[in-house]
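# Survey of secondary and tertiary structure
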Amino acid sequence: MAAAARALRVLPRALPGPARLLHTSPTCLKTRAARVRVGKGDKPVTYEQAHAPHHIAHRKGWLSLHTGNLCGEEGAAERAVEDTFLRRFLFGTFPGLLQDEVVLKRRGNLLVVCALLSRALPPHKIYFLVGYTETLLSHFYKCPVRLELQTVPARVVYKYL
Amino acid sequence: MAAGRAGAGCWQRALWLSRRCRLQAGPESYRCSSSSTALGKAVDSSEVTEEEIVLPRRKTWNKLAVLQTLASTVNRDPTAAHYMFQDDPFLMPRNAANSRLYSLSKESGRNAAKYIVKNFPQYFDKTFAEPNVPCLMPETLTPQTEGVSEEALKERIKLRRVKESVDIFDQLVQAGTPLSLETTNSLLDLLCFYGDEESTSENEEEAKKDLEEPGVNASEEKAPKRQFQRGLQSSGPRWRDNNHAERIFKIMPERNAHSYCTMIRGMVKHGAFAKAYDMYIDLLNERHKADVHTFNALIRAAPILKEKFTERWELTKEFLTHMAQQEVQPNLLTFNAVLKALRRCGGVGRSMALLVVKEMEALDIEPSLATYDHLLSIFYRGVDLPPSGIISEVLDEVEKRSFTPQDPDDANFFSTAMQVCCDLKDIKLAYRLNKGMEKGDNWKFLDMDRLNGYWSKFFSLLCMMEQIEVVLKWYKEMSPSLFYPTPKNILDLLQALDAANQLEVIPAVWEDVKQLGFTRRQELLEEFLSLMSRDQHPDEIQLAFAKCAEDIKAAHEPAGREQVPLEWTGSTLGNVVVLFSRAGRTQDAWNMMELFQQTNRIPTDKVMNEFLNCAKQTNCPEESIKLVKLAASLGLPSSHRLKSRTEEEFELSEIQKKTLESIKWDGDSSDSDSSDSDSDRE
């Protein structure tokens, strides 16, 4: 019993009770997202890049169109992950050719990828990449994937910031 | 309400006014009448100042008008390329070579993706789609059973692994394990089908053949036919002597009819025809019965086994009698094989072909397009043929129904038929053939290459037979969406324009030619230039022609790349000079004239005269003197006449006259004397 009492006295500090803690998360930088900062006036910027996120639905459209965010619909997170993968995949498969952000449209089962390319590669090489992308992505996502391309001679500059 | 009351008030006032007028009608009638007339006049004049409003008549629309308008928008877009290409001006193919190249590139991209899916199946085998899509899953091609056993052999055969199956079979035979007859037969089937080569190298060859026959819309139909067709063509794998199939056949302890049959079919497929016949004799000696596929293969081999027409037919008849004896029912492919053999039997074929078709009808077998293809070839493609009316009957049949592919040779029907129409020079038959092609699924029989050839022949026929408006309408609608014109088509079009005297369309055709990439074809350029420079035309057309001539000139100059510049011929050079002269471009014309000396060509009289006319119109006597000098240096007989013309028609200064006199040319002292006397007189 004395030993027990001694043990009690020797106990380290008590378990912490209610305390004030600080919870940190990575910084969100909401005021800097998707905004191109104004510079000296020599930075060419497309229409998409020039407009900040609060202009979506006012001056800009969406880059990814799906029904996952509607009330009662599921799968928004999966669509977001797929979108990220698709953008990286296309950025790598069409090296240096993408002139603007890729627009992804989902209609039912079909995934339509609308990309704006430059004319740096001859057309038969672009068709090779188109066939490759369509088939590979179809097999990867188990749904028909269609690529709709438009080529421009140079990047379409909206203004210089 | 207020308005109503006000209106009523007005109306009442108006009534009261009129009553007042009438009341005062008696003593002051004139005043009233004057006031009324004044009123009336005022009203009249106001009416006159107003414009006549003409109400339009009410339009009555047809009940179906809206639907018809909508339907008219759903036609084929004549400016769009094929559906498989991207709709972008940079990515749209402009000529036949490009369209083939792009479709092949797309197909090879697909093959690259399939290669990756096949080699890294672990990334593609998650089944998260509901329901599962089996065609988008990677194929499981690795055999599951290990070891050397009959099950392992059966599995390898199922997976089409030729070499491994043969290895396992050899190991089993050495170990002494008894193998069932069925397994050995299925191994023989595999070997005979693939011609004793590996199926994956077969796949690569298949891919190469894919590259030679791009046809995305017809590829589904052609997939089962592809191996079939290639087997009989000369570029398939050849049957080697004593290959695995023969070896295994020899060491088989027992053989049944199936073994013999499959060996015969494999030998015919891969070109060992004599061996196939010997194998058939063995089969007969063993008192086995062959099946219908074997007989089809043998009939196909008959024309190659014998040389003379009658012998071929006799051999075919022999096979058919054996078939009847062994009570094997012939099918469509049998009759098609017979007709194909008859194609190579000349006159015998012609007499027998219709009997064969009647036999088919008697047995209630529907003919396929291949039947008609063979019939047309027998009756229309050959030398010294008597005329026949088979084609109309064939077209009657084709127009009636939509065909399904049943024979590899079905795909050739439309090309053959269109060729026959062209040979017969009958445009009405061609229209009927087009209608037959548009019926139902018949369009699927034409893949990209055949489509181009078909429409190309049709267009040539049109140019020959139809009026120019119809030709131009078809041209606008068909190219570049349906087909890409060949150089022959362009030549035919030019001839048709010439016949109809509508040469002003030529600059537009030249633009198309530039787009198609035919600007370096010598015969096309000659035709263009000769047509443009033959007659004088009004001024704008002449200017347009001169621009075309400039493009053609650019094609003849060194382009700086590896392209060798085209050689000038006398006629092309002369025509270019004529065209420049007629448009008043003297300097350009003179540059061309200088080229005559460089390229060692002689200008004709017409060219020189045209140039002089141009110089006169643009008032450049210097040029004319230079021309006379050139003519003299080339030693042309017309140079004297040119000199006299220059003297007469131009106002020359003293220096110019002296230069003209001093031009020396060989011979003719009398002329120089007269010129001396002239100068003396001056």
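Please refer to the structure higher up on the page.
These lines cover the structure that appears in this document, whether it is placed above or below. Model, not experiment: these values are computed from the prediction.

Residues and elements named next belong to chain B. Looking at the element boundaries, N442 is found in the loop between helix 20 (427–438) and helix 21 (448–465). We classify N442 as buried; its relative accessible area is 0%. Side-chain polar atoms of N442 contact the backbone nitrogen of F403, separated by 2.8 Å.

Every buried residue belonging to helix 10 (residues 244–251) of chain B is among A245, E246, I248 and F249 of chain B, and all of these are buried. Seen from one end, helix 10 of chain B has its buried residues packed into an arc of 165°, which puts them on one side.

Another aspect to go through is the pattern of salt bridges. Residues and elements named next belong to chain A. For the structure shown, the criterion picks out 25 salt bridges over all chains. Here R79 makes a salt bridge to E82, at a shortest N to O gap of 3.4 Å. In this pair, R79 and E82 are both assigned in helix 3 (residues 76–93), three residues apart and thus about one turn of the helix distant. Here the salt bridges do not stand alone but share partners, grouping R79, E82, D83 and R106 into one network.

With 25 residues of chain A at the contact, the number on the chain B side is 28 residues. Summed over both sides, the interface of chain A with chain B buries roughly 2400 Å², with 70% coming from carbon and sulfur. When the area that chain A buries against chain B is broken down by residue, the three leading residues are Y127, H139 and K142 of chain A, summing to 35%. Our count for the contact surface shared by chain A and chain B stands at zero salt bridges.

A separate point is helix 31 (residues 639–649) of chain B. Those residues of helix 31 of chain B that fall on the buried side of the exposure criterion are S639, L642, K643, R645 and T646 of chain B. Down the axis of helix 31 of chain B, the buried set is contained in an arc of 165°. They therefore lie on one face.

About the criteria used
- Residues numbered from 1 in each chain as written.
- Chains lettered and ligands numbered in written order.
- Predicted model: local features only at pLDDT ≥ 70, side-chain atom pairs only at ≥ 80, totals over all residues.
- Heavy atoms only, no water.
- Helix = DSSP H or I, 4+ residues; strand = E, 2+ residues; numbered from the N terminus.
- Buried < 20%, exposed > 50% of the residue type's maximum accessible area, 1.4 Å probe, protein only.
- Polar contact = N/O pair within 3.5 Å; in protein donor to acceptor, adjacent residues only side chain to side chain.
- Arc of directions from axis to C-beta.
- Salt bridge = Lys/Arg side-chain N within 4 Å of Asp/Glu carboxyl O.
- Contact = heavy atoms within 4.5 Å.
- Buried area = accessible area lost by both parts, 1.4 Å probe.

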